[in-house]
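Residues per chain are reported as follows:
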Amino acid sequence: MTMTISPGSGVRSLKDRLLGRPLPLPGEPRAVVRLHDVTKTYPNGRTALRDVDLAIPEGDFVFLVGPSGAGKSTLIKLLIRDELPSHGSVFVDGLDVARLPRREVPKLRRRIGIVFQDFKLLPRKTVRENVAFALEVTGTPGRRIRPAVDRVLALVGLTNQADQLPSQLSGGEQQRTAIARALVHDPRLIIADEPTGNLDPLIAWEIIQLLLRINELGVTVLMATHNAEVVTALRRRVVALEEGRIVRDEPRGAYHHDD
Amino acid sequence: MLRFLAFSLRRAWQGFWRNALMSLAATATMTLMLVLLAGFWILQAGLLAGLEFVEQKVEVVADLRDDAPAAEIDALRRRLLAEPGVRSVDYVSKEEALARFRERLAAQGEEDLTRYLDENPLRASLEVKLADPRVAGEITDRLRNERIVESVIDIENLVDRVLTVTNILRMAGAVVLVVVGLIVLFIVVNTIRLAVLARADEIEIMRLVGASDAFIRWPFVFEGAFVGLLGSLVTLGLLGLAAEPIGRFLFDFFRILPLQLGSLARDVAIVVLAAGLGLGTVGSWISVRTYLLR
Ligand SMILES: Nc1ncnc2c1ncn2[C@@H]1O[C@H](COP(=O)(O)OP(=O)(O)OP(=O)(O)O)[C@@H](O)[C@H]1O
Ligand SMILES: [Mg+2]
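These numbers come from a predicted model, not from an experiment.

### Section: the overall build of chain B
- Counting secondary structure elements, chain B contains nine helices and four strands.
- Its helices and strands in sequence order give chain B the pattern α-α-β-α-β-α-β-α-β-α-α-α-α, from N to C terminus.
- Radius of gyration (C-alpha) of chain B: 30 Å, far over the 19 Å computed for a compact globule of 294 residues.
- For the C-alpha atoms alone, the extent of chain B along its principal axes is close to 100 × 40 × 35 Å.
- Scored against the burial criterion, the 294 residues of chain B give a buried share of 40%.
- Within chain B, contacts between residues separated by at least 24 positions form 86% of all contacts whose residues are at least 6 apart in sequence.

Have a look at this one:
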């Protein structure tokens with residue numbers, strides 16, 4: 001698979017034009033994710049994040065790296081409001097996540113596409129049904145579902161497997177189904193927690209390429225990963241956590257600290 | 001709103017059939033519990049009818065003076081009928097009393113000695129049947145003060161004892177029914193909880209993609225209601241099938257009881273349907289709530 005990787009900035013307006021979104025104001029691009037002074041201590045007393053400050057401008061592609069237990073998944077859980085910060089503020093796409101009333105959490109989740117290591121597909125629904133599910137359960141009118149699903153299935157390259165069950169798919173295809181589902185709400189932000197953790201290296205590359213392509217369409221991507229080879233090869237923005245602190249934030253980083 | 005309803009009902013229907021085994025297990029449990037509940041309900045109704053039957057046996061009998069004028073007897077009868085707690089007042093003439101006495105002797109196979117009597121020694125009487133045995137004492141006192149009344153047999157002690165026993169039995173019946181109801185509630189709710197637990201993944205995914213609580217909750221609630229409805233219909237079907245043979249077996253028993261079979265059947269149908277729908281709905285509401293509160 002070959003694909004040219006260009007910086008997101010030039011292409012962003014394409015997606016904006018496609019979606020009819022207003023152009024961002026000149027100057028500093030809007031931050032899709034902004035954490036300020038965030039600390040997270042779990043009820044058992046374990047502190048998973050300490051004094052984290054992080055801003056991710058629209059269109060960024062960010063790798064979140066760090067040893068096991070560094071707090072990557074915790075940071076992601078704060079963004080999707082699976083957990084609340086003990087201290088500090090979290091903004092996602094303009095929403096004050098920590099202060100969001102409970103009934104507005106679905107609104108936040110619809111603005112984010114979420115992808116996990118274990119795919120989280122429904123085993124008894126086909127690829128198409130799994131993707132359509134995300135629209136059905138959020139009250140999308142029936143006639144709008146089919147075209148939207150077809151569009152994202154084409155985008156992830158699963159048009160031909162649309163009527164297969166997850167059990168009849170390879171791991172890579174299952175993850176692409178999950179990505180299609182994450183995209184079907186037209187989110188501005190995709191958050192992926194070790195999306196390639198269950199895949200062998202070649203397939204992992206395919207998934208990364210797909211996420212890069214989605215990023216080129218203007219969607220911001222934040223991806224937690226242990227995949228050193230991919231991170232180092234791509235030289236994108238790398239945010240490294242260690243024991244809950246951001247120890248490194250480089251625009252063209254590698255997996256390990258460059259000597 | 002309409003789309004939401006259509007969505008919820010469709011998802012409920014799908015949910016039921018996609019997890020057919022679990023749904024059928026839940027329905028079977030529901031049916032079993034409803035049969036149990038209906039069985040105890042019927043027993044309770046039988047018990048109450050039996051107790052009422054016993055209590056209605058209580059009657060106050062006033063023997064009348066031989067010289068009591070018919071008009072006064074009739075007036076007394078009417079006054080008694082107007083008393084609260086009195087069900088009926090029957091006048092038994094001297095001749096009827098004698099005839100009854102003879103019948104009783106004949107039934108016992110004894111020689112009829114009354115033909116040796118040259119005059120009827122029995123008294124005419126008023127038999128006051130009570131709807132509420134608690135008024136027995138009051139009626140007895142009232143009758144004793146009537147001029148035309150010769151004597152009233154004292155039954156107050158008997159009434160007290162009967163009432164003590166019947167009240168204890170009533171209470172016991174109610175307690176048993178409540179306990180059975182609680183057991184049924186517990187088992188059904190837990191069965192539904194298990195059925196929902198089997199779909200925790202589905203709920204998690206719904207939350208992840210931004211489904212609102214209502215979209216998550218109502219399909220499950222409808223599905224629970226559906227399980228409850230199905231369970232009650234199966235239960236009513238089973239009871240309908242069983243009614244004929246059981247009814248034949250118990251017919252004589254029921255006939256002497258003040259039990260309206262028609263209204264009992266209606267009550268049982270209402271109880272089974274309400275319990276089925278209620279348990280199904282409340283059970284799934286509670287079960288889903290656990291996941292939504294996180
Ligand atoms: N629900 C929880 N309750 C208590 N402690 C938790 C909870 N979740 C995570 N932790 C703790 O918080 C710390 C950070 O965990 P987290 O899952 O964020 O790490 P991670 O960087 O994602 O690790 P990995 O690379 O292994 O996925 C760990 O020490 C972990 O034990
Ligand atoms: Mg993790």
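### Describing the interface of chain A and chain B
- Taken together, the contacts link 22 residues of chain A with 20 residues of chain B.
- Buried surface at the junction of chain A and chain B, both sides included, amounts to about 1,900 Å², of which 55% is carbon and sulfur.
- Our enumeration of links across chain A and chain B arrives at three salt bridges.
- Of the charged contacts, one joins A:Glu129 and B:Arg18 as a salt bridge, the two residues approaching to 3.9 Å between their closest N and O atoms.
- Scanning the region where chain A abuts chain B turns up seven residue pairs in polar contact (both at pLDDT 80 or more).
- The residue inventory of the side of chain A that touches chain B, partitioned by class, reads nine nonpolar, four polar and nine charged.

### Digging into the confidence of the model for chain A
- With 88% of its residues at a pLDDT of 70 or more, chain A shows a mean pLDDT of 89.
- Every residue in residues 20–25 of chain A scores below 50 in pLDDT, and together they form eight contacts with partners more than four places removed in sequence or on other chains.

### Describing the pattern of salt bridges
- A complete count under the given rule lists 37 salt bridges over all chains for this structure.
- As a salt-bridge pair, A:Lys120 and A:Asp118 come within 3.3 Å of each other at their nearest N and O atoms.
- Members of the salt-bridge network, linked through shared partners, are B:Glu59, B:Asp90, B:Arg100, B:Glu127 and B:Lys129.

### Remarks on a negative patch on the surface
- Judged by side-chain charge, B:Asp141, B:Asp154, B:Glu156 and B:Asp160 come together as a negatively charged surface patch.
- Classification of B:Asp141 as partly exposed rests on a relative accessible area of 44%.

### Thoughts on the site of ligand 1
All names here are of chain A.
- In the neighbourhood of ligand 1, 14 residues make up the surrounding shell, with Arg46, Ser68, Lys72, Thr74 and His226 lying closest.
- Note that an oxygen atom of ligand 1 is positioned 2.7 Å from one of the side-chain N or O atoms of Lys72.
- In the environment of ligand 1, an oxygen atom lies 2.7 Å from a nitrogen or oxygen atom belonging to the side chain of His226.
- Contact with the protein chains hides 70% of the accessible area of ligand 1, taken as 630 Å² for the molecule alone.

### Regarding a nonpolar patch on the surface
Residues and elements named next belong to chain B.
- A contiguous nonpolar surface patch, about 340 Å² in accessible area, is contributed by Val35, Val234, Leu238 and Leu241.
- It is helix α8 (residues 213–256) that contributes the most residues to the nonpolar patch, three residues altogether.
- Along the polypeptide, Val234 turns up in helix α8.
- Residue classification places Val234 among the partly exposed positions, given a relative accessible area of 37%.

### Points about the sheet that holds strand β1 (residues 31–41) of chain A
- Strands sit in the order β2-β1-β4-β5 (chain A) across an open sheet of four strands; the sheet is antiparallel. Every other strand in the sheet has two partners, leaving β2 (47–57) and β5 (95–96) of chain A as the edge strands with one partner each.

### Here's the deal with the sheet that holds strand β4 (residues 149–152) of chain B
Residues and elements named next belong to chain B.
- Here four strands make up an open sheet; going across it, the order is β2-β3-β1-β4 and the pairing antiparallel. Single-partner strands in this sheet number two, and they are β2 (86–92) and β4. Strand-to-strand twist of the sheet, defined as the mean angle between neighbouring strand axes without regard to direction, takes the value 20 degrees.
- Along the sheet face, helix α4 (residues 94–107) touches β2 and β3 (125–130) and points at about 90 degrees away from the line of β2.

### Things to note about the packing of helix α2 (residues 20–56) of chain B against helix α6 (residues 156–197) of chain B
- Remark: α2(B) packs on α6(B), axes separated minimally by 10 Å, with the N-to-C direction vectors making an angle of 175 degrees. Considering the angle they form, α2(B) stands roughly antiparallel to α6(B).

### Points about empty space enclosed by the protein
- Counted by the stated rule, this structure contains two cavities of 30 Å³ or more.
- Forming the walls of the largest cavity are 13 residues, and the residues nearest its centre are B:Ile192, B:Ala195, B:Arg199, B:Glu223 and B:Val227.
- Secondary-structure elements contributing two or more residues to the lining of the largest cavity are α2, α6 and α8 of chain B.
- Looking at the lining of the largest cavity, the element that brings in the most residues is α8(B), giving four residues.
- Classifying every residue of the lining of the largest cavity by side-chain character gives seven nonpolar, four polar and two charged.
- Looking at the second largest cavity, the residues that line it are A:Arg109, A:Ile112, A:Gly113, A:Ile114, A:Ala134, A:Ala178, A:Arg181, A:Ala182, A:His185, B:Leu208 and B:Val209.
- Of all the elements in the fold, those that place two or more residues in the lining of the second largest cavity are β6 (112–116) and α6 (171–183) of chain A.
- Residues of the lining of the second largest cavity, tallied by class, amount to seven nonpolar, two polar and two charged.

### Here's the deal with the nonpolar core
- Counting residues in each nonpolar core, the largest one holds 80 residues, and the members touching the most others are A:Phe63, A:Ile179 and A:Ile190.
- Counting residues per element, this core draws most heavily on helix α9 (residues 261–292) of chain B, at nine residues.
- Core analysis: the next-biggest nonpolar cluster, separate from the first, contains 32 residues, A:Val52, A:Leu64, A:Ala70 and A:Val92 among them.

### Details of the domain arrangement of chain B
- Split into domains, chain B comes out as domain 1 (2–53 + 162–292) and domain 2 (59–153).
- Put simply, the middle of domain 1 of chain B and the middle of domain 2 of chain B, counted by C-alpha atoms, are 51 Å apart.

### Overview of the packing of aromatic side chains
- If you walk through the whole model with that rule in mind, you get nine aromatic pairs over all chains.
- Taking the centre distance of 4.8 Å and the plane angle of 70 degrees together, the rings of B:Phe4 and B:Phe215 count as edge-to-face. Of the two residues, B:Phe4 is situated in helix α1 (residues 2–18) and B:Phe215 in helix α8; the sequence distance between them amounts to 211 residues.
- Judged by relative accessible area, B:Phe215 falls into the buried class, the value being 13%.
- Here the aromatic rings of B:Phe16 and B:Trp17 are separated by 4.9 Å at their centres, their planes lie at 80 degrees, and the arrangement is edge-to-face.
- Pairwise contacts between aromatic rings join B:Trp13, B:Phe16, B:Trp17 and B:Phe226 into one cluster.
- The side chain of A:Lys120 reaches across the aromatic face of A:Phe116, ending 5.0 Å from its centre.
- Positioned above the aromatic ring of B:Trp285 is the side chain of B:Arg217, whose terminal nitrogen or guanidinium carbon lies 4.2 Å from the ring centre.

Rules of the game
Residues numbered from 1 in each chain as written. Chains lettered and ligands numbered in written order. Predicted model: local features only at pLDDT ≥ 70, side-chain atom pairs only at ≥ 80, totals over all residues. Heavy atoms only, no water. Helix = DSSP H or I, 4+ residues; strand = E, 2+ residues; numbered from the N terminus. Rg over C-alpha atoms; globule rule 2.2 N^0.38 Å. Buried < 20%, exposed > 50% of the residue type's maximum accessible area, 1.4 Å probe, protein only. Contact = heavy atoms within 4.5 Å. Buried area = accessible area lost by both parts, 1.4 Å probe. Salt bridge = Lys/Arg side-chain N within 4 Å of Asp/Glu carboxyl O. Polar contact = N/O pair within 3.5 Å; in protein donor to acceptor, adjacent residues only side chain to side chain. Nonpolar A, V, L, I, M, F, W, Y, C, P; charged D, E, K, R; others polar. pLDDT = per-residue confidence, 0-100. Patch = residues over 30% accessible without salt bridge, like charges linked within 9 Å, V, L, I, M, F, W, Y side chains within 5 Å. Areas by Shrake-Rupley, 256 points an atom, 1.4 Å probe, with all protein chains shown as cover. Lys, Arg positive; Asp, Glu negative; His and termini not counted. Charge placed at Lys NZ, Arg CZ, Asp CG, Glu CD. Near = heavy atom within 4 Å. Pairing = 2+ DSSP bridges. Axes fitted to C-alpha atoms, helices over the stretch in contact; angles between N-to-C directions. Parallel < 35°, antiparallel > 145°, perpendicular 65-115°, else oblique. 1 Å grid on protein atoms, 1.4 Å probe; cavity = no way out; pocket = protein on both sides within 12 Å on 5 of 7 lines; lining within 4 Å. Points joined across faces, edges and corners; volume = space filled by probe spheres on them. Core = buried A, V, L, I, M, F, W, Y, C linked by side-chain atoms within 4.5 Å. Domains from an automatic or database assignment. Phe/Tyr/Trp six-rings, centres within 6.5 Å; stacked < 30°, edge-to-face > 60°. Lys NZ or Arg CZ within 6 Å of the ring centre and 35° of its normal.

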